[in-house]
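Overview (structure and organization)
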Amino acid sequence: MPEITVDEAIGLALAEEMRRDANVIMFGEGVATKRRDLVQEFGALRVRNTPLAEGIIAGTAAGAAAMGLRPVVDLLFTPFLCFAMEEIVNSAGKLRYISGGQFSFPMVVMAMTGSGWGVGAQHNHNLEAWFAHAPGLKVVMPATAEDARGLLKAAVRDDNPVMFFSDMTLGFQKGEVPLEERIVPLGQACVRRAGRDVTIVSYSKSLHTCLAAAEKLEGMNVSAEVIDLRTIKPLDESTVLASVRKTGRLMIVHEASGLFGVGAEVAALAAEKAFGALKAPVVRLTGPDAPAPASPALEQAYMPQAEGILAAARKLVGASR
Amino acid sequence: MIPRTEDGAARSMLETMMLVRAFEEQNVALAASGKMGGTCTSVGQEAAAVGVVKALRSDDLILTNHRSVGHLLARGAEPRRVLAEIMGRSTGYCKGKSGSLHISVKELGVILTSTIVGGELSLATGVALSLSMKKTDAVVACFFGDGAACEGVFHESLNLAAVWNLPLLYVCENNQWQAFVHRKETMLSDRIAPRASAYGMEGVTVDGNDVEAVHAAALAALAKIRATGKPMLLETYTYRTRGHYEPDDQSYVDRDELAQWRARDPIELMRERLLAERRIVPDQLEHIRERVTDAMAEALAFASNSPFPVASELTTDVYA
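Each chain carries its own residue numbering, running from 1 in the direction its sequence is written. Ligands are numbered from 1 and chains lettered from A, in the order in which they are written. Note on the predicted model: pLDDT of at least 70 is required for a residue's local features to be given, and 80 or more for side-chain atom pairs to be given and counted; whole-chain, interface and lining totals, by contrast, use all residues. The basis for every side-chain value is the complete set of non-hydrogen atoms in the structure, without hydrogens or water.

1. Some details on the overall build of chain B
- Under the scheme used here, helices are H or I runs from DSSP no shorter than 4 residues and strands are E runs no shorter than 2 residues, and both carry numbers assigned from the N terminus. What chain B contains, in helices and strands, is 11 helices and eight strands.
- Burial classes: relative accessible area under 20% of the type maximum marks a residue as buried, over 50% as exposed, and values in between as partly exposed (1.4 Å probe, protein chains only). Residues counted as buried form 58% of the 320 residues belonging to chain B.
- To be clear on the numbers: accessible area is Shrake-Rupley with a 1.4 Å probe, and residue cover counts the displayed protein chains and nothing else. Approximately 12,400 Å² of chain B is accessible, and the part contributed by carbon and sulfur atoms is 55%.

2. Considering the sheet that holds strand E14 (residues 283–287) of chain A
Residues and elements named next belong to chain A.
- Pairing between strands is defined by DSSP: at least two bridges between the two strands are required. As summarised here, the arrangement of the five strands in space is E9-E11-E10-E13-E14, forming an open sheet in which the pairing is mixed. Edge positions in the sheet fall to strand E9 (190–193) and E14, since each of these pairs with one other strand and no more. Strand-to-strand, the axes of this sheet are offset by a mean angle of 25 degrees, without reference to chain direction.
- Pairing geometry for strand E10 (residues 198–202) and strand E13 (residues 250–257), over three bridges, is parallel. Paired with Ile200 across the strands is Met251, a residue of E13.
- Two residues form a contact once any of their heavy atoms are found within 4.5 Å. Geometry is summarised by axes, namely lines fitted to C-alpha atoms with helices restricted to the contacting stretch, and by angles between N-to-C directions that run from 0 to 180 degrees. Helix H11 (residues 262–273) rests against E10, E13 and E14 of the sheet, and its axis sits at about 160 degrees to E13.

3. Structural notes on the pattern of salt bridges
Residue and element names in this part refer to chain B.
- For this analysis, a salt bridge means a side-chain nitrogen from Lys or Arg found within 4 Å of a carboxyl oxygen belonging to Asp or Glu. Evaluated as defined, the whole model comprises 48 salt bridges over all chains.
- Between Glu202 and Lys224 there is a salt bridge, and its shortest N-O distance comes to 3.0 Å. You can see Glu202 sitting in strand E7 (residues 202–207) and its partner Lys224 sitting in helix H8 (residues 211–228), a full 22 residues away along the chain.

4. Let's talk about unusual backbone geometry
- Of note, the bond from Lys233 of chain A into Pro234 of chain A is cis; its omega dihedral lies within 30 degrees of zero at 5 degrees.
- Positionally, Pro234 of chain A belongs in the loop between strand E12 (231–233) and helix H10 (237–247).
- The residue after Glu246 of chain B, namely Pro247 of chain B, is reached through a cis peptide bond having omega -5 degrees.
- In this structure, Ser204 of chain A takes a positive phi of about 55 degrees despite not being glycine.
- Given a relative accessible area of 4%, Ser204 of chain A falls into the buried group.
- A positive phi angle, close to 60 degrees, is found at Ala179 of chain B, a residue other than glycine.

5. What about the interface of chain A and chain B?
- Facing 40 residues of chain A, the contacting portion of chain B comprises 39 residues.
- Summing both sides of the interface, chain A and chain B together bury roughly 3,200 Å²; the carbon and sulfur share of this comes to 66%.
- Linking chain A with chain B are zero salt bridges, by the criterion used here.
- Here a polar contact means two N or O atoms within 3.5 Å. Within protein one must be a hydrogen donor candidate and the other an acceptor candidate, and residues neighboring in sequence count only if both atoms are side-chain atoms. At the junction of chain A and chain B, the tally comes to 13 residue pairs in polar contact (both at pLDDT 80 or more). When two components associate, each loses some accessible surface as probed by a 1.4 Å sphere; the sum of these losses over both components is called the buried area.

6. Description of the nonpolar core
- To form a nonpolar core, buried Ala, Val, Leu, Ile, Met, Phe, Trp, Tyr and Cys residues must be joined to one another through side-chain atoms within 4.5 Å. Ile88 and Phe131 of chain A together with Phe144 of chain B are the most contacted members of the largest nonpolar core, which has 87 residues in total.
- Looking at which element gives the most residues to this core, the answer is helix H4 (residues 54–66) of chain A, with eight residues.
- The contact partners of Ile88 of chain A, leaving out residues within four places of it in the chain, are Ala58, Leu75, Leu81, Gly93, Val109, Phe131, Leu137 and Met163 of chain A.

7. Overview of H11 of chain A
All names here are of chain A.
- Taking 1.5 Å as the rise per residue, H11 with 12 residues should run 16 Å; its terminal C-alpha atoms sit 16 Å apart, in good agreement.
- Those residues of H11 lying buried are Val262, Gly263, Val266, Ala267, Leu269 and Ala270. Looking straight down H11, one finds its buried side chains confined to an arc of 155 degrees; they lie on one side. Exposed residues lying more than 90 degrees from the buried face of H11 are Glu265 and Glu272.
- Looking at the packing, one finds that the buried side of H11 touches helix H7 (128–132), E10, E12, H10, E13 and E14. A helix is expected to reach a length of 1.5 Å times the quantity of its residues less one. Here the arc refers to the directions that run from the helix axis out to each C-beta atom.

8. Notes on the packing of H4 of chain A against helix H5 (residues 119–134) of chain B
- At their nearest, the axes of H4 of chain A and H5 of chain B sit 6 Å apart, and the two run at 50 degrees to each other. Taken together, H4 of chain A and H5 of chain B sit at an angle that is classed as oblique. Viewed along their axes, H4 of chain A and H5 of chain B form a crossing whose handedness is right-handed. Within the contact between the two elements, H4 of chain A uses Ile56, Gly59, Thr60, Ala62, Gly63 and Ala64 of chain A and H5 of chain B uses Leu121, Ser122, Leu123, Thr125, Gly126, Val127 and Leu129 of chain B. Orientation categories follow fixed angle ranges, with anything under 35 degrees roughly parallel, anything over 145 roughly antiparallel, 65 to 115 roughly perpendicular, and all other angles oblique. Helix crossings get a hand from a simple test, with the near helix turned counterclockwise from the far one by less than a right angle marking a left-handed crossing and a clockwise turn marking a right-handed one.

9. Description of the environment of Thr113 of chain A
All names here are of chain A.
- The residue Thr113 is located in strand E5 (residues 108–113) in this model.
- Taking the C-alpha atoms as reference, Thr113 lies 18 Å from Lys233; in sequence the two are 120 residues apart.
- For Thr113, the residues in contact, after removing those within four places along its chain, are Thr78, Asn124, His125, Asn126, Met141, Ser166, Asp167 and Met168.
- Within polar-contact distance, the side chain of Thr113 engages the backbone oxygen of His125 at 3.1 Å.

10. Focus: the sheet that holds strand E4 (residues 168–174) of chain B
Residues and elements named next belong to chain B.
- Read from one edge of the open sheet, six strands run E2-E1-E3-E4-E8-E7, paired in parallel fashion. With one partner strand each, in any of the chains shown, strand E2 (110–114) and E7 form the two edges of the open sheet. Strand-to-strand twist in this sheet, taken as the mean axis angle between neighbours without regard to direction, amounts to 15 degrees.
- Where E4 and strand E8 (residues 232–237) come together, six bridges link them in parallel fashion. Bridge pairing in E8 places Leu169 opposite Met232.
- Sitting on the sheet, helix H6 (residues 152–163) is in contact with strand E3 (140–145), E4 and E8, with an inclination near 150 degrees to E4.

11. Things to note about the state of the cysteines
Residue and element names in this part refer to chain B.
- Any pair of cysteine sulfurs within 2.5 Å is marked as a disulfide. Inspection of the entire model under this criterion finds zero disulfides over all chains.
- Cys142 takes part in no disulfide bond, and the closest cysteine sulfur, belonging to Cys172, lies 10 Å away.
- In this structure Cys142 comes out as buried when scored by relative accessible area, which is 0%.
- Not part of a disulfide, Cys172 finds its nearest cysteine sulfur in Cys150, a span of 8.9 Å.

12. Some points on the packing of helix H1 (residues 7–32) of chain B against helix H10 (residues 266–276) of chain B
All names here are of chain B.
- At a minimum axis separation of 10 Å, H1 and H10 run at an interaxial angle of 150 degrees. It follows from the interaxial angle that H1 and H10 lie roughly antiparallel. Both H1 and H10 take part in a crossing whose hand is left-handed. The residues of H10 that touch H1, namely those facing Ala10, Arg11, Leu14, Met17, Met18 and Arg21, are Pro266, Ile267, Met270, Arg271 and Leu274.
- In the scheme used here, Gly and all other residues not listed as nonpolar or charged are polar, with Ala, Val, Leu, Ile, Met, Phe, Trp, Tyr, Cys and Pro taken as nonpolar and Asp, Glu, Lys and Arg as charged. A breakdown of the residues in the contact of H1 with H10 according to their chemical character gives eight nonpolar, no polar and three charged.

Here it is as structure tokens:
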């Protein structure tokens with residue numbers, strides 16, 4: 001299998017889907033400038049630059065989707081989505097329901113986020129929980145090149161608006177991607193590493209930190225099972241619950257701030273549906289309730305680190321009843 | 001010179017305006033009696049809506065705003081299904097999931113009623129993009145008010161439509177009111193149409209209370225859009241003669257201004273003109289009145305007797 005970066009995998013998925021379906025179009029800030037290969041193959045009508053105006057980009061996507069096109073829009077950095085909340089949340093997310101099912105909104109909104117580049121809080125803000133809270137939207141956050149390709153393809157083919165958040169630093173990470181076309185269905189988590197003692201649930205860049213920690217935990221006789229959610233919404237409840245029932249211990253790790261976040265939802269899931277299996281309180285390791293910093297030193301402090309996961313996992317196993 | 005429509009079409013526009021007015025007045029009465037929630041009526045703006053919608057082709061598409069009864073009924077929506085929707089019944093166009101504020105009718109090409117002021121402007125470009133990619137000469141008509149013209153998305157929408165040459169007729173119904181605030185408090189200019197030129201777009205203002213003038217201006221604009229593929233802005237200068245929503249005592253409205261505009265009621269203007277020019281005879285007018293009255297009674301009976309959605313509908317149609 002060839003090795004390509006996450007960013008290249010995204011480009012591959014876009015080209016494959018545009019080739020497969022003439023209704024797939026793409027536009028956004030610098031899309032035609034950056035993706036010359038797509039312009040060359042599919043033409044300037046299907047691959048367009050836009051003004052720096054996130055609201056109308058997202059709204060135009062919603063209007064085109066209502067008419068049967070399958071737009072993919074690039075809004076660059078996740079905090080910029082605040083300019084497009086009306087179009088994404090009020091229109092794309094709600095109008096299928098409001099119209100009594102007359103219209104669908106098959107569209108993908110792409111944006112980058114995550115610490116590691118020192119871009120600071122107005123380019124880096126992991127907002128996945130906001131959109132997961134909005135009805136009608138699906139939310140995807142890949143951790144590998146293969147998943148970036150497979151999830152983006154599934155997102156383009158989905159008849160609902162899908163938020164596709166990619167981590168900036170992860171974009172340059174290489175991974176094996178199969179030659180043949182492979183779709184990663186939305187709503188399916190993946191057990192990245194099997195284990196017996198503790199379940200670690202994560203996604204996106206934090207997954208790799210968790211895997212590194214799990215490797216070290218093995219040497220300390222702690223067997224960690226690591227789950228990659230891949231899709232935040234719809235949440236794959238059964239994969240999480242099966243693991244929690246097996247290990248009896250649950251830790252959730254993500255870069256987004258913890259308050260009212262994805263970790264809280266996963267913890268509530270375990271409390272509601274696997275309480276009897278829990279041998280210890282659920283643990284969350286997350287970013288703080290603070291804007292993402294720009295200083296490299298503060299960025300490291302902001303992100304969950306392997307050492308923290310190690311310590312928390314050992315404490316969790318030790319504290320068990 | 002006042003534009004004149006062919007007599008049959010002129011009578012038809014008068015009838016549609018009377019239907020819209022009767023529908024809105026029935027809504028006002030129903031809201032006042034507590035039989036349903038209040039709505040945002042389009043009373044006073046009938047000519048602006050009917051004149052434009054009657055100029056559209058059946059393959060043209062519509063996006064509109066929370067005062068959409070005129071656009072819906074002029075497009076041919078059944079009063080009974082609109083009323084059922086407003087009353088939250090399952091026989092409404094959106095199965096009762098819209099209520100009065102967001103009615104869409106796919107089969108009639110009404111893609112959206114947006115109650116978020118400006119929402120229609122943000123989706124209209126995408127709807128028009130789909131038409132331009134299909135290479136038809138159909139046009140999207142997007143109805144919004146002077147309030148929406150003060151939203152940032154107005155600028156974003158007109159700019160993008162101009163840059164991409166989208167087949168879009170922007171129709172600004174300048175009704176002088178932005179919810180409970182008079183336009184004079186929020187804009188230094190009197191008109192919206194001059195803003196179009198800032199985007200390299202043609203903008204015209206028409207007397208929004210003269211349905212034949214509106215109709216002629218809309219036909220001319222649509223022909224130009226079809227011929228050039230470029231968007232245009234048509235401002236229908238009119239007045240909202242009732243409150244923001246029902247009930248509303250309009251205590252904040254200048255009495256003289258309201259009286260002046262009521263004296264130029266679009267339906268009265270058209271009726272008097274057609275009678276004076278002998279383009280309608282009193283008998284025909286009487287028949288129109290009867291048809292409108294019957295339609296309202298029929299709509300009310302249908303909607304009142306329609307079932308509410310069952311509770312399981314609460315979570316259907318969320319995801320495709």
